[in-house]
Amino acid sequence: MTPDEGTAVLFSGATLAGYALSGIVSLLLPAAAFLWLRYYRAARIYPVIAGIIVYFVAVQMSNLFGNIIGFSASFAQRSVLAAELVCYFEECGRWLAMRWPVTDIRDTRSAICYGIGHAGLECWIRGAQQLHIYHLGQQVNRGGIEQFFGSRTPEQIDLFTQQMQIYADHSLFLSLLTVLNSLTNFGFHIALSLLICRKIQETNGQKRWLLCAVLLHTALNGSVWLASFSGSEILKLCIGILCGICVIIFVNRMIGISDCFDEIRYRMAPEETA
């Protein structure tokens, strides 16, 4: 494809609104959760920082080991391998952070704050990506896609145009599903943080609950990966949402998530709301 042939790409207003909505929600969600805890005098910044650090290190380690183990594989295969390895690094990091005395994550509020940091960085990354696509869409609508061609080769132009067309075909409904997926993913990480924290305290650090968290995380990532073979973004998002909800329900049965939040709301409530 040459720059003059078949390069017309246009983002609809609904598509741009969807990217803006999903980006803003992803950026504001962690802050809203932290402010909710702060209102009940349960917010702690140190566990949030620990969650951010563990998530960042886990992603870097999974990418590193994915490239080492799959050095002869394609980029797509290495990405899949890294996505599965991240389950082990994230959950092992979560368990170590809650076992390590330095982090002092020993109660419900600290576990929730850790989950906010862990899930929050993931939300911020995805939110920034959504807003970046929104900005690209605005630029394309104003000046055309040709402004991005520059010194790209015909092959690179073809690939870039295809990717931009995929972005432009992203409907508002898909963006709404993306928002719901972000909410369930956020709740998923809060639930696993509470699970590990509670079980460490109740069982004196038995590692079987670490294995449980790893399996739950692997089941979520693996289900989404399998759904991707359908070629349907709607199915992929729906599977991710459904699996995230199932994990939250399972953890709720194990430890009573509602009781954890009641502990925050009623035992740590401000005097004026008590």
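The preceding data block contains the structure.
Calculation rules
Residues numbered from 1 in each chain as written. Predicted model: local features only at pLDDT ≥ 70, side-chain atom pairs only at ≥ 80, totals over all residues. Heavy atoms only, no water. Helix = DSSP H or I, 4+ residues; strand = E, 2+ residues; numbered from the N terminus. Expected span 1.5 Å × (residues − 1). Bend = angle between axes of the 7 residues up to and from the residue. Buried < 20%, exposed > 50% of the residue type's maximum accessible area, 1.4 Å probe, protein only. 1 Å grid on protein atoms, 1.4 Å probe; cavity = no way out; pocket = protein on both sides within 12 Å on 5 of 7 lines; lining within 4 Å. Points joined across faces, edges and corners; volume = space filled by probe spheres on them. Nonpolar A, V, L, I, M, F, W, Y, C, P; charged D, E, K, R; others polar. Salt bridge = Lys/Arg side-chain N within 4 Å of Asp/Glu carboxyl O. Contact = heavy atoms within 4.5 Å.

Colleague: Which residues make up helix α1 (residues 13-39), and what values go with them?
Modeller: Think of an α-helix as 3.6 residues a turn; residues three or four steps apart then line up on the same face. Along its 27 residues, α1 runs 37 Å from first to last C-alpha, staying within 8% of the 39 Å computed at 1.5 Å per residue. The largest bend in α1 amounts to roughly 35 degrees and is located at Leu28, with the proline Pro30 lying one to four residues further along. All buried positions along α1 are accounted for by Thr15, Leu16, Gly18, Tyr19, Ala20, Ser22, Gly23, Ser26, Leu29, Pro30, Ala33 and Leu37. At the C-terminal side of α1, Arg41 shows a positive phi close to 55 degrees.

Colleague: Account for the layout of surface pockets, with residues named and values stated.
Modeller: Of the volumes computed, that of the largest pocket is approximately 2000 Å³. Contributions of two or more residues to the lining of the largest pocket are made by α1, α2 (45-69), α3 (75-99), α4 (108-143), α5 (154-168), α6 (172-203), α7 (208-228) and α8 (233-255). Class assignment of the residues belonging to the lining of the largest pocket gives a composition of 20 nonpolar, 21 polar and eight charged. If you add up the space inside the second largest pocket, you get close to 160 Å³. Along its surface, the second largest pocket is lined by Ala33, Trp36, Leu37, Ile112, Ile116, Phe186, Gly187, Ile190, Ala191, Ile248, Ile257 and Phe261. The greatest single-element share of the lining of the second largest pocket, amounting to four residues, is contributed by α6. Class assignment of the residues belonging to the lining of the second largest pocket gives a composition of 11 nonpolar, one polar and no charged.

Colleague: Run through α4, naming residues and quoting values.
Modeller: In a regular helix each residue adds 1.5 Å, so 36 residues correspond to 52 Å; α4 covers 51 Å between its end C-alpha atoms and thus fits that length. Maximal helix bending in α4 amounts to about 25 degrees, located at Gly120. Among the residues trailing α4, Gly144 stands out with phi positive, at a value near 85 degrees.

Colleague: Tell me about the pattern of salt bridges, residues and numbers included.
Modeller: One pass over the full model with this rule turns up eight salt bridges. Two residues, Asp104 and Arg44, come together in a salt bridge whose shortest N-O distance is 3.6 Å. Of this pair, Asp104 sits in the loop between α3 and α4 while Arg44 sits in the loop between α1 and α2, and the two are 60 residues apart along the sequence. Judged by its relative accessible area of 34%, Asp104 is partly exposed. A salt bridge links Glu91 to Arg94; the shortest N-O distance between them is 2.9 Å. Taken together, the residues span about one helical turn, with Glu91 and Arg94 both in helix α3 at a distance of three residues. Exposure class is identical for Glu91 and Arg94. Each is buried. Sharing partners across several salt bridges, the network here consists of Arg44, Asp104 and Arg106.

Colleague: Can you lay out the environment of Ile239 for me, pointing to particular residues and giving the numbers?
Modeller: Secondary-structure assignment places Ile239 in helix α8. Judged by its relative accessible area of 23%, Ile239 falls in the partly exposed class. For the pair Ile239 and Leu220, spaced 19 residues apart in sequence, the C-alpha separation works out to 8.5 Å. Excluding residues within four positions of it along the chain, Ile239 makes contact with Ser223, Val224 and Ala227.

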